Amino acid sequence: MENTPLTQDVELTVACYNDEGPPPPYHRKNSQPNPESPGTLAIDMSGNTLVPPGESLTSPESPRRRHKSDGAIPAATLNSQPSGNNHLSPNQRKNSMFGSRSTISGIKFDDPYIEDGKCSDRTSWKTTDSDDDSSLQTKLQDESGLTLMYSKHEKLPMKDFSMEVRATMDVQNFLKKTVLILDLNKVSLDEIIDEILHKLLDSSGSKHSFDQARSALFTHDCVHQLSRTLQCTSISEGGGFDYDQNWICALASIPSIQSRHVGIARLHHPANLGTASQEVYFVIVVLTPTKEKGTKNELETGRTFATIMSDPELRMKLLEVNTEPEFKEILEAHTNALAEKQKNWASEKAMFSAEHQEQSSFRCSLFRGIREDLRRRIPVYVSDFKDGVVGNKSIQKTISTTFFLYFACLMPSIAFGVLNANNTKDQLNVEKVLYSQTFGGLVFAFFGGTPHIVLLTTAPLALYTKIIYSICQDFDIDFPAMYACVGLWNSFFLFLYSAFDLSVLMKWSTRSSEEIFALFISIAFCVDAFKDAVSNFAAHYNIPACSMTTTANSAVNYSITSNLTNSVASVVNSTAPPGGCERDVSLLYLLLLLGTLWLGVTLYNFTMTPYLNAGKRELLADYSLPVAVVIMSFFGSYIFRDVQLDSSFTPRELSLEVFKVVPFHNLSVGAVFGAMGLGFCLSLLFFMDQNISAALVNAQQNKLKKGTAYHWDLLVCGVINAVLSLLAFPWVHAALPHSPLHVRALADVEERVDQGHIYQIIVRVRETRLTAIFSHILIGLSLLILNYLAYIPTPVLYGLFLYVGVTALYGNQLFERIMLLITEQSAYPPNHYIRRVPQRTIHLFTVLQLVQLLVLCAFGFTPYPYLKMFFPVLIFTLIPLRHKVIPRLIRQKFLKAIDGH
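These lines cover the structure that appears in this document, whether it is placed above or below.

With that settled, the discussion passes to the overall build of the protein. What the protein contains, in helices and strands, is 34 helices and 15 strands. Sorting the 901 residues of the protein into buried and exposed places 53% on the buried side. Looking at the protein as shown, the accessible area adds up to about 40,800 Å², and 59% of this sits on carbon and sulfur atoms.

Here it is in structure tokens:
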């Protein structure tokens, strides 16, 4: 299902800092702005500047004196007038840019300390004939050069291209007489505006028009700031208020031009143009005659182009074009598409409402959810393949994401294969895990409803497998048969969940439950890595041989100082351990483990650095994981080849004997019913993990357009695991954090800056199946090179675990709020919940989430296997706990702000 039109979630902001004429349309004196109301434009109206030292204080009717470079009336002309504004007609005084809107009697708003075209620090006051003015001047006299700026926000509606004919006409006229500057190599606001104005007005041959336009566009003569700007705002993730920083539109109305002018400049490098405009690529300048009619004034014309530029996907396309004809073609096509989209939106909304009411009235229907999922996904099935190769950078993204998925799935599969082999006495080994990964990944990539979901053998599944093996050992049950029976019961319950549409229960799952579980998975990855590091140190560093070597070295040093050479040799020979001390193995292990993490995360964050250019930074970030694994494997296997690291696993020859159906006849009836209980608990783990992964993939901020398929995905996952269970192969299900990372790898992003905090907004995501298909084909081919994969050092495998766990923390709001507990308050990021929720309430909610997380960790990492059986049930209880207990402690409006999607 496509996103709703822009009028549903976007606002435009007009910032005005000027003293010109009457207020623009839609200005209501008593209106109270609401920056969070969707579908509007917001205006920031700034009034005039109080007279600074160095300027005369005259009556409100007197003309505003500006510097001659900004279109000012010469001082001689002003002084020659008998009264302040007799040189202007009443109509000119009313409409000209020199008129003042001040409501403060006797105060003239002017720019500070202008002397002969230069800014001067020396200031003085001129007296007038009015005693009141003289008194006021005495009070306002100040040599600091301070001014006052009055600003106001007011919303305006978006342009409706389907109803307002003028909007489409504006774009068509602009395309005919376009003033377009591509890749302008300027970053200064003055230079950018001057370049655009020269392109717009030089053909008229009027220097006066240029000066007037420049004066009207800027508020100050010395410190330039755009006086009237139009900017887009939107409701960001979780209900925050977010500015589009990629573009800005400057507005002005001047008396010396006869027709409207629109100019667009695309900057070669992003420019910092001030607050909420720190990453500007597009600058739009709109100039209109002062006496233009209301439908064609500067604000209405600006609304037209602002509505078009409010689409981030369009801006991404315009950044990629190389010629003006391409630019115009994309702009015209988007205008037509926007008009058609707005025209059909009302009917689509009505149809959706009717469908929703029908669903609500008919709640119990077998396979209804599956039918709806297929109705959404089948029409776009072909595009799931085309989207991976069509479009700018699509092939590059597909290749980089394929290698990312290959390493991100292969390494954990090997690691969990080794873990399963140790837990099951080699009955589940690396080869079987790779078979499962290849089969499950390819089937889901072709037939799954959400291609971004990645199936994987995970840490909870490895723990559950160990539980089943322990039960089989305690009760003398055949493990392969019991394992397969549990898997079949699990698939049976998954079929029931999907058939009866139980995935609708996930509508009660909030961001809190999803992020607690996601953070637990990240912790599990890190715990596995550090547990293996501790085991390595216990085997090679903290051993008696190293203690004996230390004693021997002390004796050697003592002997050398005593010049007893013979004694030295005898001491060394008598105390040297047979196997020798291998502390170098542990130190190299730690180096490779942390080195893989450091190199991967550094390259992943390379887009945040100023080095190289944007394309190369993005390329390094896309290949961060493969590069880290290859480089650190080279160091561990070749550079430090003298240090004998343990092999990650021992490969075996591939054999078709593993493809045998398990002997179910070895199970008793009691074992079958016992397997049903284990299968039910396992199905809860699959249900929660599959649906939480799908919810994080389909989160609103990812801007996916093709619709969800919760029920169908659950059914496909059940079929895959039923086949794997028949062969006693390891199970697979949707993986965290691999699935959200897969989405991020295929996304185009837009960087924004707010109060020094840099963050990224996803513009679009390529919804393709090719990356999962290609990566799992490579994993299948890896079975042929297991002998070479064994050379990958074990610390590099677990370094990848750390990399996945750390990068999954990006965007996890729970982790961000945990960091707030130890962050100085003045350094808090400007997130929406910080602006809307009291600080104590934020910390209280974070502590409640931490308590739930600690309980999950206590059951998930407990050394008692039978307690781990209740872990899936514990995950499911997070949902009722969030809706029944936490609202008693925190008000609902705060929960909506801090825990909304």
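And the narrative resumes.
On to the packing of helix H16 (residues 511-540) against helix H28 (residues 813-820), then. Helix-helix packing: each pair is described by the crossing angle between the helix axes and the interaxial distance. The geometry of H16 relative to H28 is characterised by a closest axis approach of 8 Å and an angle of 80° between their N-to-C directions. One finds that H16 runs roughly perpendicular with respect to H28. Only Gln813, Leu814, Arg817 and Ile818 of H28 make contact with H16, whose side of the interface consists of Arg511, Glu515, Ile516 and Leu519. Residue classes in the contact of H16 with H28 are distributed as 4 nonpolar, 1 polar and 3 charged.

Take the packing of aromatic side chains next. Each aromatic ring pair is characterised by the separation of its centres together with the angle its planes make. A complete count under the given rule lists 24 aromatic pairs for this structure. Where Trp489 meets Phe492, the ring centres are 5.8 Å apart and the plane angle is 85°; that geometry is what we call edge-to-face. Placement of the pair is Trp489 and Phe492 together in helix H15 (residues 479-499), with a separation of 3 residues, close to one helical turn. Judged by relative accessible area, which is 21%, Trp489 ranks as partly exposed. For Phe492, a relative accessible area of 39% puts it in the partly exposed group.

On to the pattern of salt bridges. Taken as a whole and judged by the stated rule, the model has 17 salt bridges. With a shortest N-O distance of 3.7 Å, Arg214 and Asp190 are connected by a salt bridge. Within this pair, whereas Arg214 is found in helix H6 (residues 207-217), its partner Asp190 is found in helix H5 (residues 189-201), the two being separated by 24 residues in sequence. Judged by its relative accessible area of 27%, Asp190 falls in the partly exposed class.

This next bit is on helix H12 (residues 394-423). Between the first and last C-alpha of H12 there are 42 Å, a value that for 30 residues agrees with the 44 Å anticipated at 1.5 Å per step. By the criterion of burial, H12 is predominantly enclosed, with 23 of the 30 residues buried. Residue Lys425 follows H12 closely and has a positive phi angle near 55°.

Another point: the pairing of strand S9 (residues 247-254). Buried residues dominate S9, accounting for 8 of its 8 residues. By the alternation rule, side chains of S9 split into Trp247, Cys249, Leu251 and Ser253 and Ile248, Ala250, Ala252 and Ile254, which are all buried. Pairing analysis gives 8 bridges linking S9 to strand S11 (residues 280-289), with the strands arranged parallel. Bridging from a neighbouring strand, Ile248 pairs with Val283 of S11.

Working note: regular strand, side chains alternate between the two faces of the sheet. In this sheet, strand S10 (residues 261-271) lies alongside strand S6 (residues 179-184) in parallel orientation, the contact comprising 4 bridges. From the neighbouring strand, Leu180 faces S10, where its bridge partner is Ile264. Of the strand pairs in this sheet, S10 and S11 are connected by 7 bridges, and their pairing is antiparallel. The residue bridging Val262 from the neighbouring strand is Val286, located in S11.

Further remarks concern helix H25 (residues 770-781). An α-helix turns once per 3.6 residues; consequently, residues spaced three or four apart project the same way. Helix length check: H25, at 12 residues, gives a terminal C-alpha distance of 16 Å against a target of 16 Å (1.5 Å per residue), a fit within 8%. Buried residues of H25: Leu770, Thr771, Ala772, Ile773, Ser775, His776 and Ile779, and no others. Buried residues along H25 sit in contact with helix H11 (383-386), H12, helix H13 (430-447), strand S12 (455-456) and helix H24 (738-745).

Thresholds, definitions, all that
- Residues numbered from 1 in each chain as written.
- Predicted model: local features only at pLDDT ≥ 70, side-chain atom pairs only at ≥ 80, totals over all residues.
- Heavy atoms only, no water.
- Helix = DSSP H or I, 4+ residues; strand = E, 2+ residues; numbered from the N terminus.
- Buried < 20%, exposed > 50% of the residue type's maximum accessible area, 1.4 Å probe, protein only.
- Areas by Shrake-Rupley, 256 points an atom, 1.4 Å probe, with all protein chains shown as cover.
- Axes fitted to C-alpha atoms, helices over the stretch in contact; angles between N-to-C directions.
- Parallel < 35°, antiparallel > 145°, perpendicular 65-115°, else oblique.
- Contact = heavy atoms within 4.5 Å.
- Nonpolar A, V, L, I, M, F, W, Y, C, P; charged D, E, K, R; others polar.
- Phe/Tyr/Trp six-rings, centres within 6.5 Å; stacked < 30°, edge-to-face > 60°.
- Salt bridge = Lys/Arg side-chain N within 4 Å of Asp/Glu carboxyl O.
- Expected span 1.5 Å × (residues − 1).
- Pairing = 2+ DSSP bridges.

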